[in-house]
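Architecture and fold: a report
Now for the letters of each chain:
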Amino acid sequence: MTHRTASRRRGLVATALGAAVLITGVATAAPASAAAPTVTCTSSKAALAAKLKKDITAALVGRKGTIAVGLYDRTTNTTCTLRASTAYDSASVVKVTVLSALLWDAQNSRRALTSREKSLATAMITKSDNASTSTLWKQLGVTKIKKFLTAAKMTQTKPGANNYWGLTQITVTDEQKLLKLIHARNTVLTDASRSYVTTLMGKVVSAQRWGTPYGRPANVSWHVKNGWLSRATHGWRVHSVGTFKGGGHDYVMTVLTHGNSTMNYGIATIQGVAKVVHKDLAAS
């Protein structure tokens, strides 16, 4: 192996850890069969809670890896959770947190985003651009990111060290808190900030519209951010977070997975859950 080749390989691995990019040639752990998941659902409509619990559980039967699920529908006060506090490497779903922290900081400074910040934010969310994310992460610094997490009461989220933002530790509980903040009026993010985040999440490039929007009815609007990262332990991390409104419902959904043998396997797991969630809510 030449010195140049060795240096390039080290660079690729470092980039993958910090930027959650697709990497090849890295050994992945074979996914282990997960124990039978216990999905918990509550709702003002008892029949809906029972249906969601049954169908989400069925969607996960036989799926390998470790899967965490969060659902909240404001209209019916429905909540479903599975492994809500299990920590996962964030991969690119942390980009929603980065943008929210940027907007929150700008609010506190009583200023609008600069044209440069807007350009970086657009690339970060709509294209999942890693270089733009790294720039904004370094601009904010971990101190400001932690201050936003405190304001958002995202107590289980731990920012990645040494600018490795793709290794931020996230949970379903905290991702659902964030989605609720950007989905409905609150005291942390202004209406303008919330609109900015959801507008960009509604413009992700077509190749990245998989995951939680899968199976939604045509009359339901969607906003999504996905993440994917392969490492030597736990194989592929594949995640999807989304907000949805229409058909008499107003809901947010998080599905986090690791221990996937391939990225596509993780996507299929997420979409199996999303499909039944959209179907059951539409029928309620």
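A brief look at the structure comes next. Just so it is clear, the model here is predicted, and its values are computed rather than measured. All residue numbers refer to position in the chain's written sequence, counted from 1. Only residues with pLDDT of 70 or above have their local features reported here, since the model is predicted, and side-chain atom pairs are shown and tallied only from 80 upward, although totals for entire chains, interfaces and linings are computed over all residues. Side-chain calculation: all heavy atoms of the structure are included, whereas hydrogens and water are not.

1. Overview of the environment of Asp105
What counts is decided by this rule: Strands are runs of DSSP state E lasting at least 2 residues, helices are runs of H or I lasting at least 4, and numbering of each runs from the N terminus.
On the secondary structure map, Asp105 appears in helix α3 (residues 94-108). Expressed as a C-alpha distance, the spacing of Asp105 and Leu140, which sit 35 residues apart in the sequence, is 8.4 Å.

2. Some points on the packing of helix α4 (residues 115-126) against helix α5 (residues 130-151)
What counts, and what does not: Only the stretch in contact is used when a helix axis is fitted, and all axes are lines through C-alpha atoms; the angle between N-to-C directions ranges over 0 to 180 degrees. An angle below 35 degrees is treated as roughly parallel, one above 145 as roughly antiparallel, one from 65 to 115 as roughly perpendicular, and anything else as oblique. Crossing handedness is defined as follows: a turn of the near helix away from the far one that is anticlockwise and smaller than a right angle gives a left-handed crossing, while the clockwise case is right-handed. Throughout, a contact is declared for two residues whenever any of their heavy atoms are within 4.5 Å. Gly is put with the polar residues, along with every residue not named as nonpolar or charged; the nonpolar set is Ala, Val, Leu, Ile, Met, Phe, Trp, Tyr, Cys and Pro, and the charged set is Asp, Glu, Lys and Arg.
In the contact formed by α4 and α5, the axes pass within 8 Å of each other and the chain directions differ by 130°. Overall, the two elements α4 and α5 adopt an arrangement that is oblique. Classified by chirality, the crossing of α5 by α4 is left-handed. Across the interface between the two elements, Arg116, Glu117, Leu120, Ala121, Ala123 and Met124 from α4 touch Ser132, Thr133, Thr135, Leu136 and Gln139 from α5. Its residues placed into classes, the contact of α4 with α5 shows five nonpolar, four polar and two charged.

3. Thoughts on the nonpolar core
Note the threshold: Only buried residues count toward a nonpolar core, which is a set of Ala, Val, Leu, Ile, Met, Phe, Trp, Tyr and Cys residues joined through side-chain atoms within 4.5 Å. Residue burial is assigned from relative accessible area. The probe radius is 1.4 Å, only protein chains are included, and a residue is buried under 20% of its type maximum, exposed over 50%, and partly exposed in between.
Leu99, Phe148, Ile182, Leu189 and Val197 are the most contacted members of the largest nonpolar core, which has 42 residues in total. Sorting the residues of this core by element identifies β2 (66-73), α3, α4, α5, α6 (172-183), α7 (191-201) and β8 (249-260) as the ones contributing at least two each. Ranked by the residues each element gives to this core, the list is headed by α3, at nine residues. Excluding residues within four positions of it along the chain, Phe148 makes contact with Thr97, Ser100, Ala101, Trp104, Met154, Leu178, Val188 and Leu189. Within the second largest apolar cluster, 32 residues are counted, among which are Leu52, Leu82, Val238 and Leu281.

4. Notes on the side chain of Gln208
Put simply, the rule is: Polar contacts, as counted here, are pairs of nitrogen or oxygen atoms within 3.5 Å of one another; within protein the pair requires one atom able to donate a hydrogen and one able to accept it, and residues that are adjacent in sequence qualify only if both atoms are side-chain atoms.
Examined against the element boundaries, Gln208 turns out to sit in the loop between α7 and β6 (221-230). A residue is classified by how much of its surface remains accessible, and Gln208, at 12% relative accessible area, is buried. In this structure the side chain of Gln208 is engaged in a polar contact, spanning 3.2 Å, whose partner is the backbone oxygen of Lys127. The contact partners of Gln208, leaving out residues within four places of it in the chain, are Thr126, Lys127, Ser128, Val224, Lys225, Asn226 and Trp228.

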